[in-house]
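One letter stands for each residue in the lines below.
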Amino acid sequence: MADTPPAYARFHPAMEPAGVIRCINSLRKHTSVGGRPLDDARLCEQARSGDVGAYEELVRRYQRLAYRTAYVVTRSAADAEDAAQEAFVKAYYALDRFRPGAPFRPWLMRIVVNEALNRKRAGSRQEGLALRMTQGRPSGGVAPSPEVAVLDAEVSHVVIAALNQMSEKDRLVVALRYFFELSEAEMAQVLECPVGTVKSRLSRALARLKEALPDE
Amino acid sequence: MSDRPRSLEDTLAAMSGAIAFPNEPDLARAVRERISRAPVAPARRRRMPMRFAVAAIALSLVASGILVFSPGARHAVAGWLRLPGIRINTTPNPSATPGGALHLGRRVTLARSADRLGAPVKLPVGPHLGPPDAIYADETYPIVWLVYRSAPTLPAVAGHNVGLLITELHARSLDQFFYKKMLGTGTEIKDVRIDGARAYWIHGQPHIIQYHYPLGTRQEVGRVSGNSLIWATGGITYRIELAGGLREARAIALSMR
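Residues numbered from 1 in each chain as written. Chains lettered and ligands numbered in written order. Predicted model: local features only at pLDDT ≥ 70, side-chain atom pairs only at ≥ 80, totals over all residues.

A. Structural context of the overall build of chain A. When its secondary structure is counted, chain A shows 9 helices and 2 strands. Looking at chain A as a whole, 35% of its 216 residues are labelled buried. For chain A, the share of sequence-separated contacts (at least 6 apart) that also reach a separation of at least 24 residues comes to 62%. (Helix = DSSP H or I, 4+ residues; strand = E, 2+ residues; numbered from the N terminus. Buried ≥ 20, exposed ≤ 12 C-beta atoms within 10 Å, placed from the backbone. Contact = placed C-beta atoms within 7 Å.)

Put into C-alpha cells, the structure is as follows:
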C-alpha cells in the first residue's frame, strides 16, 4: 500500500480523528468493494434504498460530465451549475423510475440536457461565454510533430469558433459524440430518439459545421 | 501519430481533451444537503407494496377553515381521505395571482406522453370534444396534461384561454404529492363516484392549486384553480379542471378511454 493517503481521506481535513475514520469508512463503503470501485448499478441500488452517501458518490462520479454538458448548452457557468445540480436532485427523486441494471450515465445525462435546455430557453443569465481551447497540448495520446501540432491548434481554434456559432442543439450533439465520447446508443437515450435519428442529427450538425468553416 | 491532415471528425475527437471548460463546482455536497433536507425517503418508498403505492397518497383535510362536506366526505375526513399525488388543505385566506402560469412542462406527442406517464394516457371522447389542442408532460415526474382551448361549449377557466385541463399523474408513494390544493371558506368539496372509484368534486369559490414537488422547486408557485374533479383508478390519478359543473365534469370523466 502506498504511503500517500487515499483521495477520500482528504475531503474533511478539519474533522476530528474519529470523524475522519467514520468519513473514510463511509467513503470506502461507497467507493469500493474488495478494493474495486462499486459499479453504478450497485450505487444506484444503494441510493434507491435510501443511502444518501451512495448517491453522493454517483454525483461525484458524474459531476464533471454533467456540468460540462450543461455548459455546452448554456455557455453560462452559473446556469450550468444550476442545471447540473437540479438534474442530480431530480434524478435522485426519480430513482425508483430508473430501470435496475440500465446504464445510469445516459439516464442522468437526459435529465441534465433537459434542465440545461430549459435554462437556455429561459435565458436567465445570458453570460454568452464561448467554448474555447486550452493553450496547452491535450492530455493523453502521442505528441504530434511540431508542424502538425501548430496546424492542429489553428484548426481547433477555427472549429471551436464555428461550433460557438451553431445552435445549442447542434453543439450538444457534436459535444456528446466527440467531446464526451458517448456512443450513438447512449446518445439515443440522452436525446430520447432512435439511433437512426441520432445518426442523422449528427450528420446534419457536422455538415453545418463544415459549411461554417472557412475555406482552407 | 500520422502527419496526414485529419478529417473533421478526427479533429473534433482530438479536441476533446483540450477544451477549456470552467472548473466544475463541488456539486456532491450541495446535492447531498438538498436531498437530505427533503422529506421523501427512497427506502420507505421502495419497501412499500406496489399496489399500495399506486393506489394511495395523502389527501389530508385539515379543518382549519370551514368546508361544506357531503355526509360521505365528512365521514372520510375523520379517517384521512387519500388520493395519489394530491393533497388538500384548508386555509382561511388562500391567495394567488389570478391567471397564474399553468406550469405545464414540455409539449409532447401523445405517444411520448404515455412514455412519461408510464401508462396509456386516457383521452375523453364525446360530441363536443375532439383531440386535445396540446399535450404536455413534466420532464422528470410522471405527470401529463391535456389542454383544450376555451370554446363556446368550454368556457375559459381560471383566467386562462383554456376551457378544459385534464391532468393525469402517477404518484409512487404515500409521501409524494405533486399538487396541494388550498381551499378557502367558500369552497365546497363533495364526495362522488366515478366508475365506482371514490372521487372529489371541488367547486364553489375558486381554490388555490400549488405545485408541490418533493424537490421544493415550485412549492411557492400557486394559481387560482377552477372547479375540479379528482379521482384515482388503475394506478393513475386524474384531475379535470373546468368552469362547468359536476354533471359536465362527470360526463367527461366517464368518457375517458
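Now that the structure has been shown, the text picks up again.
B. Layout of the overall build of chain B. From N to C terminus, chain B includes 7 helices and 13 strands. Here chain B holds 257 residues, and 40% of them are scored as buried. A fraction of 66% describes how many contacts in chain B between residues 6 or more apart in sequence connect residues 24 or more apart.

C. Broad picture of helix α8 (residues 184-191) of chain A. Residue and element names in this part refer to chain A. Considered for burial, the residues of α8 that qualify are Glu186, Met187, Val190 and Leu191. Taken around the axis of α8, the buried residues stretch over an arc of 125°, which confines them to a single face. Note on α8: the residue one or two positions beyond its end, Glu192, has a positive phi of about 55°. (Arc of directions from axis to C-beta.)

D. View of the pairing of strand β9 (residues 197-204) of chain B. Residue and element names in this part refer to chain B. Here 8 bridges tie strand β8 (residues 187-194) to β9, and the two strands are oriented antiparallel to one another. Of the residues in β9, the one forming a bridge with Glu188 is His203. Count of turn residues in the β8/β9 antiparallel hairpin: 2 residues, of which Asp195 carries a positive phi of about 55°. Summarising the sheet, β9 and strand β12 (residues 227-233) pair through 4 bridges and their orientation is antiparallel. Note that in β12 the partner of Ala199 across the bridge is Trp231. (Pairing = 2+ DSSP bridges.)

E. Structural context of the environment of Leu117 of chain A. Relative to the assigned elements, Leu117 of chain A resides in helix α5 (residues 104-122). As for Leu117 of chain A and Lys169 of chain A, which are separated by 52 residues in sequence, their C-alpha atoms are 8.6 Å apart.

F. Just unusual backbone geometry, in detail. Residues and elements named next belong to chain A. Residues other than glycine seldom take positive phi values, yet Arg75 does so here, at roughly 50°. For Arg75, the position within the fold is in the loop between α3 (52-74) and α4 (77-93). Phi at Glu192 takes a positive value of approximately 55°, unusual for a residue other than glycine. Inspection of the secondary structure puts Glu192 in the loop between α8 and α9 (195-212).

G. Quick peek at α9 of chain A. All names here are of chain A. Here α9 is 18 residues long and its end C-alpha atoms lie 26 Å apart, about the 26 Å a rise of 1.5 Å per residue gives. Buried within α9 we find Val198, Leu202 and Ala205. Seen end-on, α9 carries its buried residues on one side only, within an arc spanning 65°. Opposite its buried face, α9 presents the exposed residues Gly196, Ser200, Ser203, Arg204, Ala207, Lys210 and Glu211, each directed more than 90 degrees away. Against α7 (168-179) and α8 lie the buried residues of α9. (Expected span 1.5 Å × (residues − 1).)

H. Representation of the packing of α8 of chain A against α9 of chain A. All names here are of chain A. Running from N to C, α8 and α9 cross one another at 95°; their axes reach a closest spacing of 8 Å. Judged by the inter-axis angle, α8 sits roughly perpendicular to α9. In this structure, α8 contributes Glu184, Ala185, Met187, Ala188 and Leu191 to the contact, and α9 contributes Val195, Val198 and Lys199. Counted by class, the contact of α8 with α9 contains 6 nonpolar, no polar and 2 charged residues. (Axes fitted to C-alpha atoms, helices over the stretch in contact; angles between N-to-C directions. Parallel < 35°, antiparallel > 145°, perpendicular 65-115°, else oblique. Nonpolar A, V, L, I, M, F, W, Y, C, P; charged D, E, K, R; others polar.)

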